[in-house]
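Chains, contacts and geometry: an overview
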Amino acid sequence: VAVAAAAAAKAEVGRATWTLLHMLAAQFPERPTRQQQRDARALVDCLTRIYPCGDCARHFAELVRLDPPVVSSGTAFRRWLCRTHNHVNSRLGKPSFNCDMVEARWAPLGCSAAEAAAGEEGLVG
Ligand code: FAD
């Protein structure tokens, strides 16, 4: 039972993390600032160390070392994330995702970065 629960938790955190990353990539600007590029790289870099499944983190670190995040544009970041997720899919025996479909699967939320920041300050309902 404990093993099954651990496997379910591992899948849950995986889905949640991929959701965060793909949704973030869906909104990543086509012309990101240097800060936005640094932030995206730093987020991926942190996951290679503190992702809450040691084995996954080590494997992900190896993938990122061989093919570092491409953050020069939203399109490039989405493409990199899709192929990296596909490397993980392949390791787990899951089917490869068609990266031409990535923008259909992961659409932007529709709120701009400025609105999100204002919302944090309680300025937007
Ligand atoms: P997920 O792989 O979680 O994908 C969620 C959804 O994303 C899918 O339903 C699909 O709609 C979409 N999707 C799938 N592939 C792509 C793609 N290439 N591009 C865009 N969208 C896509 N688990 C392990 O057991 N061992 C590991 O070593 C491991 N390493 C991981 C490393 C990282 C960085 C992360 C975030 C997760 C890792 N996981 C690992 C978890 C694993 O990848 C899955 O998240 C988990 O098995 C649940 O899979 P799922 O079938 O629900 O779909």
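From a predicted model like this one, the values you see are computed outputs, not experimental measurements.

Criteria and thresholds
- Residues numbered from 1 in each chain as written.
- Predicted model: local features only at pLDDT ≥ 70, side-chain atom pairs only at ≥ 80, totals over all residues.
- Heavy atoms only, no water.
- Helix = DSSP H or I, 4+ residues; strand = E, 2+ residues; numbered from the N terminus.
- Contact = heavy atoms within 4.5 Å.
- Areas by Shrake-Rupley, 256 points an atom, 1.4 Å probe, with all protein chains shown as cover.
- Disulfide = S-S within 2.5 Å.
- Buried < 20%, exposed > 50% of the residue type's maximum accessible area, 1.4 Å probe, protein only.

**Topic: the overall build of the protein**
- If you tally the helices and strands in the protein, you get six helices and zero strands.
- Along the chain direction, N to C, the helices and strands of the protein fall in the order α-α-α-α-α-α.
- In the protein, 64% of the contacts between residues at least 6 apart in sequence involve partners at least 24 apart.
- By element, 59% of the accessible surface of the protein is carried by carbon and sulfur atoms, the whole surface being about 8,200 Å².

**Focus on the state of the cysteines**
- Throughout the structure, instances matching the rule amount to two disulfides.
- Across the disulfide from cysteine 53 sits cysteine 56; the S-S distance is 2.1 Å. Where cysteine 53 bonds to cysteine 56 through sulfur, the torsion about that S-S bond is close to 75 degrees, and the disulfide is right-handed.
- One disulfide in the model links cysteine 82 with cysteine 99; its S-S distance is 2.0 Å. Its S-S torsion of about -90 degrees marks the bond between cysteine 82 and cysteine 99 as left-handed, since a negative value means left-handed. Residue cysteine 82 is located in helix H4 (residues 74-91), and its partner cysteine 99 is located in the loop between H4 and helix H5 (102-105); the two are separated by 17 residues in the primary sequence.
- According to the relative accessible area criterion, cysteine 99 is partly exposed, its value standing at 29%.

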